[in-house]
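Here are the chains, one letter per residue:
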Amino acid sequence: MAKRSKTSEAGRATRFDGPSITRATGNGLSQRSDGTKLASVVADRIIDDIAAAGWPVGIVVGSEPELLERHGVSRAVFREAVRLLEHLQVARMRRGPGGGLVVMPATADSVIDAVSVYLFYVGATIEEVAFARRAVEETAVELAAARIDESGIEALRALVAAEGEGAERDHRALHNLVAQLSGNPALAFFVDLLNRVMLLYYPATRGGVGKDTLTASAHAHARIAEAVLSGDPGLARARMRRHLEAEAEYMRAKRASLRRLADLPAATNRSEKRAEQVATQIFGEVARDGWRVGSLLGSEAELMERYDVSRAVLREAVRVLEHHQVARMRRGPGGGLFVTEPGVQAVTEALALQIDRLGIERSHLFEVRTALENVVLDLVLDHLDDDGIATLQAALEAERAATTEEFVYLGHDLHGVLATVAGNRVLELLTLVLVRLSRLRSAAPPGAPPTLPTDEVMHVHRRIVEAIIAGDRDLARHRMRRHLDALVTWTR
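Here the structure is a predicted model, which is why all the values come from computation and not from measurement.

A word on the sheet that holds strand β4 (residues 296-298). Reading across from one edge, β4-β6-β5 is the order of the three strands in this open sheet, with antiparallel pairing throughout. What marks the edges here is a single partner per strand, and that holds for β4 and β5 (327-330). Neighbour to neighbour, the strand axes of the sheet diverge by 35° on average, direction disregarded. Pairing analysis gives four bridges linking β5 to strand β6 (residues 336-339), with the strands arranged antiparallel. Bridge pairing links R330 to G336 in β6.

Now for the packing of aromatic side chains. One pass over the structure, following the stated rule, counts five aromatic pairs. Aromatic pair Y121 and W291: ring centres 5.1 Å apart, planes at 65°, arrangement edge-to-face. With Y121 in helix α4 (residues 109-122) and W291 in the loop between α11 (274-288) and β4, this pair connects stretches of sequence that are 170 residues apart. One aromatic cluster is present, formed by F120, Y121, F283 and W291 through successive ring pairs.

One finds L119, Y201, L337, L418 and I468 to be the most contacted residues of the largest nonpolar core, which totals 102 residues. Filtering out sequence-adjacent residues up to four positions away, L418 remains in contact with V376, L377, V380, L392, I468 and M480. Core analysis: the next-biggest nonpolar cluster, separate from the first, contains 26 residues, I46, I50, V82 and L84 among them.

The next subject is the packing of helix α8 (residues 185-200) against helix α15 (residues 362-383). For the pair α8 and α15, the least separation of the axes is 7 Å and the interaxial angle reads 50°. Classified by the angle their axes make, α8 and α15 are oblique. Residues P185, A186, L187 and F190 of α8 lie in contact with α15, whose contacting residues are H364, L365 and V368. Taken together, the residues of the contact of α8 with α15 sort by class into six nonpolar, one polar and no charged.

Calculation notes
- Residues numbered from 1 in each chain as written.
- Predicted model: local features only at pLDDT ≥ 70, side-chain atom pairs only at ≥ 80, totals over all residues.
- Heavy atoms only, no water.
- Pairing = 2+ DSSP bridges.
- Helix = DSSP H or I, 4+ residues; strand = E, 2+ residues; numbered from the N terminus.
- Axes fitted to C-alpha atoms, helices over the stretch in contact; angles between N-to-C directions.
- Phe/Tyr/Trp six-rings, centres within 6.5 Å; stacked < 30°, edge-to-face > 60°.
- Core = buried A, V, L, I, M, F, W, Y, C linked by side-chain atoms within 4.5 Å.
- Buried < 20%, exposed > 50% of the residue type's maximum accessible area, 1.4 Å probe, protein only.
- Contact = heavy atoms within 4.5 Å.
- Parallel < 35°, antiparallel > 145°, perpendicular 65-115°, else oblique.
- Nonpolar A, V, L, I, M, F, W, Y, C, P; charged D, E, K, R; others polar.

Note that all results are geometric; they support no functional claim without further evidence.
This is how it looks when you write it as structure tokens:
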């Protein structure tokens, strides 16, 4: 790890000293697909440096001249990289004396941006978000009831009292506290994420909710807290389910709620930087035009003229669009900015950063993954038809025919197929991301090939499918749980 100097005076950020930290390999934070642009590579290297230093918020990574020399790139490429880092809420450039690239505190905004872009593209409904949220929060409240300690009891009682007196007006506070009391920071993150994504479908709540709604919510929260405090996981889960079902029904009944995202789905237009504003404008045009994958938005020269920006600003904007898989710039004759199909890569990368910054461990991730995959399994069993059976059998055949590299890296995996068959696109996204994160956090030594026992995994997958087709819910859940428990030992 690079050495850091002490703070020279109050309020002044300390700086990295000495050589840059060696870029880690195999850590899953910055793995990108083919076609990576130089600016993205530089951003990845800076992220790895910051991660290796322990995400020291407020630290100056280096001045622009220092970083240009360290990474050996042009000013234009470096500024594209900085724009991506700022969009990801990793670091921002501070001008003036003592300035430079400063590490930012962790927020969920970049993950919400990535999730909302994907959900907008696939047309996920408010019902799908509500169902996924319920699955996560039921798990959280059940664990909170089993794990709460005396400090948690004190905090929960204080919050319930504040809500009852009208002193606490954030209707999400109880949900976030319960998730924290689960003892699983990954669950706490997903609860907050899905709560905030849910609000994108109900713009009226952005200005706060009414008094009557808060009163009803406070009553339901008190009943949930009562069950948690009594140490009754089953009752706590049942009360949380009733509360969330009632809340979802309330939102659906409101004329202001959206069945699907109908506007720019970014969490917030946080930046006043011209490049990000241009990226937002282009995204809006892609969305309004029906997201015609493969269509040409314009050449670089045409886009510069249309938005009245320099080549450097446009390229910074394009880097953000490429990160979210909204559009990609193709060089050469017949080139230009073309609309692309969003996938789960941007969500995976944004979430991987947050996981590292929050110190989330593999056991935390697998606890969430197990809960979600059990819900997925139940949905598949509830609605399995001949098409679903054929899809599962085809997935097993694809696994059998895949090479080890394809099996590990390219997604020939039953878990993702089950999520697709389940029919909930939010659960599908979360499952695919968690599966990818499991692969990226492989227990193989840095730089070594993966050690996933593919033959054993495929055998277990076949056994799970056999139980599903037979309609044996208990056996299917048992086999899935044992399989996921075994996979924990493969990750780090």
